[in-house]
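Residue-level structural notes
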Amino acid sequence: MKGATLERVAASALLAAALCVLALPATAQSYAVLHPFEAAQQGPRGLVQASDGNFYGTTISGGVSGDGTVFKITPAGVLTTLYSFAGSDGMSPYAGLVQGTDGNFYGTTHEGGASGVGTVFKITPVGTLTTLHSFLGGGGDGAYPYGGLVQGTDGNFYGTTFEGGTNYYGTVFKLTLAGALTTLYSFAYSGGVYPYAGLVQGTDGNLFGTTLSDGANDAGTVFKITPAGALTTLYSFAVSDGKFPYAGLVQGTDGNLYGTTHMGGTGNRGTVFRITPAGAL
C-alpha cells in the first residue's frame, strides 16, 4: 500500500510538472532569408561581421567571370557584390574572410593567380582588391589553399595550403601586411599531410591546426606550430577516436582546444573531441 501511494504521489507530481510546462507561453522563433543566392552567384562561405556592422563573405563561383565573388550584406539583407574574380587574380575562394587590424579584409582563393594554384588577397570595404601572393606550387611554395587566414598577435597573417611545399603535401605559411610570404613548414608524409582547414592562435602564442590525413594511423593529426615554424604533432587519430578532421579548431575558455572529425568514432560517423595544448585528447 505504501509503495502504491508513493507511486500515485510521484505520478501526480509528474502530471503537475507537465501541465506547468504546457502552460508556459511559447517562445516565438523568427527566421528570415536575407538573400537567396542564384545561378549568377553560388556557394557562399562563412560570414564575418566587420567593425562597420555589415557582414562580409565570399562565393566559390559566380560573378562576372564565374570565378567567385566577395560580397557585403547589411543586417537588413541588402547585398552588394564588391568584387568578381577573373581567374588571373584568383578563383574559387573556399574560405571566408578575416578583417585585419587595418580595417581591410584578407582571404585566400583555392585556384587562379599567376600559376593557377591559388592566391592570398586583400580587399578594402569598398571593394578594391590587391593580390598579395600568387602561390607557385613548387620550390617550397604552397598550392591550393582551402582554409582562411588568422591574424596573429604579431600583426602577421598565418594560413595553410592543402598541397605544395617541399614534399607537395601542404604547407603552413606566414604573410606580412605588405604581402611578403614565408613558408614556415612543409608537411612530410610521416607527420600528417594535407591541411584542409586554417589555423587558430592559442593564448600561449602558438598556432594550432589539423591535417586531413596521415599520422600514425593514416587518419589525420592535430598539430602545434610556433610563429617561427617549429611544428609538433600533438595527436594522431586512431580511427576509433576520429578520422579525417576537415575542420579547424577553436580554443575554449578553459584553455583546451575543441574540434570535429569527419569520420571515425564508435559508429564511424565522426566525433567531437577536446585536446589539451599538450596533446591529451
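Bear in mind that the values here come from a model prediction, so they are computed numbers and not experimental data.

Before going further, it helps to examine the sheet that holds strand β16 (residues 200–201). Spatial ordering of the open sheet is given by β16-β17-β18-β19, a layout of four strands whose pairing is antiparallel. Two strands close off the open sheet at either side, each with one partner strand: β16 and β19 (231–236).

This part is about the sheet that holds strand β11 (residues 150–151). What the four strands build is an open sheet, ordered β11-β12-β14-β15; its pairing is antiparallel. A strand with exactly one partner marks an edge of an open sheet, and here the two such strands are β11 and β15 (181–186). Looking at chain direction, strand β12 (residues 157–161) and strand β14 (residues 171–175) are connected through five bridges and run antiparallel. Bridge pairing in β14 places Thr161 opposite Thr171.

Glancing now at the side chain of Asn104. Within the secondary structure layout, Asn104 lies in the loop between β6 (98–99) and β7 (105–109). Its relative accessible area of 14% is what places Asn104 among the buried residues.

In this structure the tally under the stated criterion is 18 aromatic pairs. Their ring planes at 80° and their centres at 5.0 Å tell us that Tyr196 and Tyr246 sit as a pair that is edge-to-face. Pair noted here: Tyr196 is in the loop between β15 and β16 and Tyr246 is in the loop between β19 and β20 (250–251), with a separation of 50 residues, a long-range link. On the accessibility criterion, Tyr246 (36% relative accessible area) is partly exposed. Aromatic rings pair up to connect Tyr94, Tyr146, Phe162, Tyr169, Tyr189, Tyr194, Tyr196 and Tyr246 into one cluster.

This next bit is on the pairing of β15. Direction of pairing for β14 relative to β15: antiparallel, over a ladder of five bridges. Looking at the pairing, Leu175 lines up with Leu181 of β15. Hairpin connection, β14 to β15: the antiparallel pair is bridged by five residues, and Gly179 has positive phi, about 100°.

This next bit is on the side chain of Asn206. With respect to the secondary-structure elements, Asn206 resides in the loop between β16 and β17 (207–211). In contact with Asn206, not counting residues within four places along its chain, are Val200, Gln201, Lys224, Ile225, Thr226 and Pro227.

The next point concerns the environment of Ala50. Turning to its location among the elements, Ala50 is positioned in the loop between β2 (48–49) and β3 (55–62). Ala50 sits in the buried class, given a relative accessible area of 8%. Each C-alpha atom, one on Ala50 and one on Pro36, is 21 Å from the other, the two residues being 14 residues apart in sequence. In contact with Ala50, not counting residues within four places along its chain, are Tyr56, Gln99 and Phe105.

Attention now moves to the confidence of the model for the chain. This prediction gives the chain a mean pLDDT of 90; 90% of its residues lie at or above 70. Considering only residues more than four positions removed or in separate chains, one finds that residues 1–24, a stretch of pLDDT under 50, has zero contacts.

Further remarks concern unusual backbone geometry. A positive phi angle, close to 55°, is found at Asp218, a residue other than glycine. A relative accessible area of 42% means that Asp218 is categorised as partly exposed. Despite not being glycine, Phe244 has its phi angle at roughly 60°, a positive value. Owing to a relative accessible area of 22%, Phe244 belongs among the partly exposed residues under this scheme.

What counts and how
- Residues numbered from 1 in each chain as written.
- Predicted model: local features only at pLDDT ≥ 70, side-chain atom pairs only at ≥ 80, totals over all residues.
- Heavy atoms only, no water.
- Pairing = 2+ DSSP bridges.
- Helix = DSSP H or I, 4+ residues; strand = E, 2+ residues; numbered from the N terminus.
- Buried < 20%, exposed > 50% of the residue type's maximum accessible area, 1.4 Å probe, protein only.
- Phe/Tyr/Trp six-rings, centres within 6.5 Å; stacked < 30°, edge-to-face > 60°.
- Contact = heavy atoms within 4.5 Å.
- pLDDT = per-residue confidence, 0-100.

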